[in-house]
Amino acid sequence: MAHSLNEWLWQHEFWLPPGITWEDMQESEDIRYPKPHDLLLSIPFALILVVIRCAFERAIALPLSSKLGVRDKQRPKAQPNPVLETFYSTCCKNPAEGELISLAKQCDLPVRKVERWFRRRRNTDRPSLSKKFCEACWRFTFYIISFFTGLAVLYDKPWLWDHRECWTGYPQQPLQPSLFWYYLLELSFYWSLVFTLPFDVKRKDFKEQVVHHAATIFLISFSYCANYIRIGTLVMVIHDASDCFLEPTKIFNYMKWKKTCDSLFMIFSAVFLISRLVIFPYTVLYNTYYYSMEIFQPFFGYYFVNALLIILQLLHVFWSSLIIHMVYKFILQGTV
């Protein structure tokens, strides 16, 4: 059954344009094409990144936070109470008025004390500033490395300047070692983010982040297997461009450097909106949707990769609306 499933999954009709089969993708001594099993390397590499991250946050980011004056607030702890703790852990972290009254009767406490207990208990679970600072430092370090790695890999590639070159000779486009390692770096990083999701700071856009990570991993993996390497590298370098400004904005916010934070936020907003709402649709979406059909007829891989790219673009629109709202608030109130 596993063999039949494997044969069905890797039908060339799914992955390759009409008229091309896996036999046409045979390698030689001088030519190497992407192989699906290469992606398995991303799992151990992701675990290595998690270990590097832990060491980086403890040895570099945490001491740096102290030196830069990032101080955690001293929050009063809730007194031990088995009844309230059980309710907090299993039922609700923010009980309604009726539930507060019921819990107060069970514990023989005034309602205000029960309400205060839950407030302090929630505050205890809130991530500290130093934890947020360490996370932002790690992501900033990675995005800087990744972005400049992408530029170093792509600056002499013709498809960076002429987007129709993404499809010249497709799918028989040899895999260059630099592109392979760039892909592996990005895929491993997003897997590492998935592995650490339960331990990272949970933000308001947590669900959107999960969708984003899943779509990105699927997009990177599918584009590698179907040899959409050229278009994939453009997607990755465009995404990293704005992230290089987002993380230092957070860092300076935690340091209470308001003017620097506000300036970086405005730069980040401009880079994000231009890269995600202008450059990405033209360089990637239009390119993949229209230019590719000059070379081959639509097939399953064509529709699938475009669907993933559209999901990413919808997330771009969602985050752009939040950013525009924040910029509007900054213009009116002078603060973010």
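Residues numbered from 1 in each chain as written. Predicted model: local features only at pLDDT ≥ 70, side-chain atom pairs only at ≥ 80, totals over all residues. Heavy atoms only, no water.

### Looking at the overall build of the protein
Thought 1: Each helix and strand in the protein was counted, giving 13 helices and zero strands.
Thought 2: Ordered by position from N to C terminus, the α and β elements of the protein give α-α-α-α-α-α-α-α-α-α-α-α-α.
Thought 3: For the protein, the spread of C-alpha atoms along the three principal axes comes to 75 × 55 × 40 Å.
Thought 4: Residue pairs in contact within the protein that sit at least 24 positions apart in sequence constitute 80% of those at least 6 positions apart.
Thought 5: Of the roughly 18,700 Å² of accessible surface on the protein, a fraction of 64% belongs to carbon and sulfur atoms.
Thought 6: If the 35 positive side-chain charges of the protein are averaged to one point and the 29 negative ones to another, these points end up 18 Å apart. (Helix = DSSP H or I, 4+ residues; strand = E, 2+ residues; numbered from the N terminus. Contact = heavy atoms within 4.5 Å. Areas by Shrake-Rupley, 256 points an atom, 1.4 Å probe, with all protein chains shown as cover. Lys, Arg positive; Asp, Glu negative; His and termini not counted. Charge placed at Lys NZ, Arg CZ, Asp CG, Glu CD.)

### Remarks on the nonpolar core
Thought 1: Formed by 66 residues in total, the largest nonpolar core has its most connected members in Phe189, Tyr228 and Val284.
Thought 2: With 11 residues, the top contributor of residues to this core is helix α11 (residues 229-254).
Thought 3: If sequence neighbours within four positions are ignored, Tyr228 has contacts with Trp167, Tyr170, Tyr183, Phe222, Ser223, Phe296, Phe299, Gly301, Tyr302 and Val305.
Thought 4: Listed in part, the 10 residues of the second largest apolar core include Leu100, Leu103, Val114 and Phe118. (Core = buried A, V, L, I, M, F, W, Y, C linked by side-chain atoms within 4.5 Å. Buried < 20%, exposed > 50% of the residue type's maximum accessible area, 1.4 Å probe, protein only.)

### Remarks on unusual backbone geometry
Thought 1: Each neighbour pair has its own omega, and for Tyr170 with Pro171 the value is 0°, a cis peptide bond.
Thought 2: As for its position among the elements, Pro171 is in the loop between α8 (158-161) and α9 (177-195).
Thought 3: Located in the positive-phi region is Asn227, a residue other than glycine, with phi close to 60°.
Thought 4: Along the chain, Asn227 turns up in the loop between α10 (206-225) and α11.
Thought 5: The phi angle at Lys256 is positive, at roughly 70°, despite the residue not being glycine.
Thought 6: Summarising the element assignment, Lys256 is placed in the loop between α11 and α12 (258-289).

### Considering a positive patch on the surface
Thought 1: Positive charge collects at one region of the surface, where Arg112, Lys113, Arg116, Arg119 and Arg120 lie side by side.
Thought 2: Tracing the sequence through the fold places Arg119 in helix α6 (residues 111-125). (Patch = residues over 30% accessible without salt bridge, like charges linked within 9 Å, V, L, I, M, F, W, Y side chains within 5 Å. Salt bridge = Lys/Arg side-chain N within 4 Å of Asp/Glu carboxyl O.)

### Considerations on the UniProt feature "transmembrane region" (unreviewed entry) in the protein
Thought 1: The sites that UniProt annotates as "transmembrane region" (unreviewed entry) are residues 39-56, 136-155, 180-199, 264-283 and 303-328.
Thought 2: The annotated region residues 39-56 carries 83% helix and 0% strand content, and the separation between its end C-alpha atoms amounts to 25 Å.
Thought 3: Helix makes up 100% of residues 264-283 and strand 0%, and the two end C-alpha atoms of the span are 25 Å apart. (UniProt positions renumbered as here; feature names shortened; annotations may be inferred.)

### Re the packing of aromatic side chains
Thought 1: Under the criterion given, the structure shown has 30 aromatic pairs.
Thought 2: Their ring planes at 75° and their centres at 6.0 Å tell us that Trp167 and Phe296 sit as a pair that is edge-to-face. In this pair, Trp167 is assigned in the loop between α8 and α9 and Phe296 in the loop between α12 and α13 (300-333), connecting sequence segments 129 residues apart.
Thought 3: For Phe296, a relative accessible area of 6% translates into the label buried. (Phe/Tyr/Trp six-rings, centres within 6.5 Å; stacked < 30°, edge-to-face > 60°.)

### Comments concerning the pattern of salt bridges
Pairs can form between side chains of opposite charge whenever their charged atoms are close.
Thought 1: For the structure shown, the criterion picks out eight salt bridges.
Thought 2: Between Lys157 and Asp156 there is a salt bridge, with the nearest N and O atoms lying 3.0 Å from each other.
Thought 3: Among the residues examined, Lys157 registers a relative accessible area of 8% and is labelled buried.
Thought 4: Among the ionic pairs, Arg276 bridges to Asp243, the shortest N-O distance being 3.7 Å. With Arg276 in helix α12 and Asp243 in helix α11, the pair connects residues that are 33 residues apart, well separated along the chain. Side by side, Arg276 and Asp243 carry an identical accessibility label, which is buried.

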